[in-house]
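Secondary and tertiary structure notes
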Amino acid sequence: MILRCVCIVFFALTICFSSGLQAQFNVIGDADDLGGDCYQLTDTKDFEFGAIWSNELINLNESFEAQFQLYFGTKDEDGADGIAFIFQPISDNIGSAGGGIGFSGIDPSLGIVFDTWQNTDNNDPTEDHITLMQNGDLNHNTALSPAVTVDNIEDGMWYDVRVVWNVNTSELNVFWECGLLLSYTGDIVEDIFDGDPMVYWGFTSATGGANNVHSVCIDYISFLDGLSDHQICEGERILIGGEANPDYTYSWTPTNTLNDPTLSNPEASPTETTTYILELTDGCQFSFYDTVVVFVTSIPVSYT
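Because the structure is a prediction, the values reported are computed rather than measured.

Criteria and cut-off values
Within each chain, residues carry numbers counting from 1 in the order of the written sequence. Residue-level local features of this predicted model are given only where pLDDT is at least 70; pairs of side-chain atoms are given and counted only at 80 or more, and the full residue set underlies all totals for whole chains, interfaces and linings. Note: side-chain values were computed over all heavy atoms of the structure, leaving out hydrogens and water. A residue's pLDDT is the confidence the predictor assigns to it, expressed on a 0 to 100 scale. It only takes one pair of heavy atoms within 4.5 Å for two residues to be counted as in contact. Pairs of strands are assigned from DSSP output, requiring at least two bridges between the strands. A run of DSSP states H or I qualifies as a helix once it reaches four residues; a run of E qualifies as a strand once it reaches two. Both are numbered from the N-terminal end. Inter-axis angles, ranging from 0 to 180 degrees, are taken between N-to-C directions of lines fitted to C-alpha atoms, where helices are fitted over the stretch in contact. The distinction between a cavity and a pocket rests on a 1 Å grid over the protein atoms alone: a 1.4 Å probe fits inside a cavity but cannot get out, while a pocket stays open yet meets protein on both sides within 12 Å along at least five of seven lines, and a residue with an atom within 4 Å of a point counts as lining. Grid points are joined across faces, edges and corners, and a volume is the space filled by probe spheres set on the points. Classes in brief: Ala, Val, Leu, Ile, Met, Phe, Trp, Tyr, Cys and Pro nonpolar; Asp, Glu, Lys and Arg charged; the others, Gly included, polar. Exposure classes here rest on a 1.4 Å probe applied to the protein chains alone. A residue is buried below 20% of its type maximum, exposed above 50%, and partly exposed in between. A pair is scored as a salt bridge if a Lys or Arg side-chain nitrogen falls within 4 Å of a carboxyl oxygen belonging to Asp or Glu.

1. Topic: the confidence of the model for the protein chain
Looking at the protein chain, pLDDT values average 86 and 89% of them are 70 or higher. Taken as a whole, residues 1–23 scores under 50 in pLDDT and shows 71 contacts with residues more than four places along the chain or in a different chain.

2. Thoughts on the sheet that holds strand β3 (residues 38–42)
Two modes of strand pairing occur in sheets, parallel and antiparallel, and in both the strands are linked by backbone hydrogen bonds. Strands sit in the order β2-β3-β15-β6-β11-β12-β13 across an open sheet of seven strands; the sheet is antiparallel. At either margin of the open sheet sits one strand with a lone partner, and together these are β2 (32–35) and β13 (179–185). When the angles between neighbouring strand axes are averaged without regard to direction, this sheet yields 25°. Where strand β6 (residues 64–71) lies against strand β11 (residues 158–166), eight bridges are found, and the strand directions are antiparallel. Bridge pairing links phenylalanine 64 to tryptophan 165 in β11.

3. Describing empty space enclosed by the protein
The tally for this structure, following the rule as stated, stands at one cavity of 30 Å³ or more. In this structure, the largest cavity occupies an estimated 30 Å³ of space. Together, Gln67, Asp160, Val161, Arg162, Phe175, Cys178, Cys284 and Phe286 line the largest cavity. When residues in the lining of the largest cavity are grouped by element, the largest group, three residues, is from β11. Among the residues making up the lining of the largest cavity, the classes are represented as five nonpolar, one polar and two charged.

4. Focus on the environment of methionine 198
Among the structural elements, methionine 198 can be located in strand β14 (residues 198–206). According to the relative accessible area criterion, methionine 198 is partly exposed, its value standing at 31%. Placed 109 residues apart in sequence, methionine 198 and proline 89 show a C-alpha to C-alpha distance of 6.9 Å. Beyond its immediate chain neighbours, meaning those up to four positions away, methionine 198 contacts Leu57, Ile58, Asn59 and Pro89.

5. Some points on the pattern of salt bridges
A full pass over the atoms with the stated rule returns two salt bridges. With a closest N to O distance of 3.2 Å, glutamate 65 and arginine 162 form a salt bridge. One end of the pair, glutamate 65, is in strand β6; the other, arginine 162, is in strand β11, with 97 residues separating them in the sequence. Put simply, glutamate 267 and arginine 237 hold a salt bridge, and the shortest N to O gap is 3.4 Å. Taken as a pair, glutamate 267 in strand β19 (residues 267–268) and arginine 237 in the loop between β16 (230–233) and β17 (238–239) lie far apart in primary sequence, 30 residues in all. A relative accessible area of 28% places glutamate 267 in the partly exposed class.

6. A closer look at the pairing of strand β12 (residues 171–176)
Counting buried positions over the six residues of β12 gives five, a clear majority of the element. Bridge count for β11 against β12 is six bridges, and the pairing is antiparallel. Bridge pairing in β12 places valine 164 opposite asparagine 173. Between the end of β11 and the start of β12, which pair antiparallel, lie four residues, with serine 170 showing a positive phi angle near 55°. Bridging between β12 and β13 involves six bridges; their strand directions are antiparallel. By the bridge assignment, phenylalanine 175 is partnered in β13 with leucine 180.

In structure tokens:
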């Protein structure tokens, strides 16, 4: 009898900034899936509401990083109302339109609100501004952070945003166009979600008597399993990465069993089970990490 190594190899090569994210979201209201991990939340129509929510719960007792791009349209003085990045425990939750930005009324919740319209009843600044808020309350007098004003963002440009939650320090940082914009320290699991760390995450937007196109493109979410592990037979080779993104550079370790550790999708030929670590570096020189385990099966050949 001859014993041979038989392996099933799964070619799941999408990484978290490529098209693999599309099936991860519920698309709600007026939102549309544009493809390529991009979504339009509202169009240039009055009183629209759109949201996308993750299909699966994430655990806020674990650290995470999220990077995405936001688009606020081209109308300035007559454009409204903005976008919110939110954590909440009900995946199909819908807040109010207009100045509520789809966030108002979602309780409990934690939201980073990018507001482009001054609502005096909420004590809004005159300028476009960004604020950390809780439980669907958009009144700036009860916000978790002071409003940080920014230059007009309804200018047809895409803006890079990075959100980092460090569970070890209980610190939430928001980076805007490579610079630190907001920083908050607190036990968000206990203080906001009554000790339950399991939440959905997503984006909401809304228009009222004024409107704008509001869109989001998602680049990187660390709490998604972006890269798949693989199983091969001894002596086989396999591609272990994903589709290249020109906005990132790639660095894999260990390097000795890879054909090129700077590729997004290098060929690996390990002789034993190996864990590969991928470091992604973006244009702001922020680094993100993912891992791939290649399991190597070795069955000796015997004859009877």
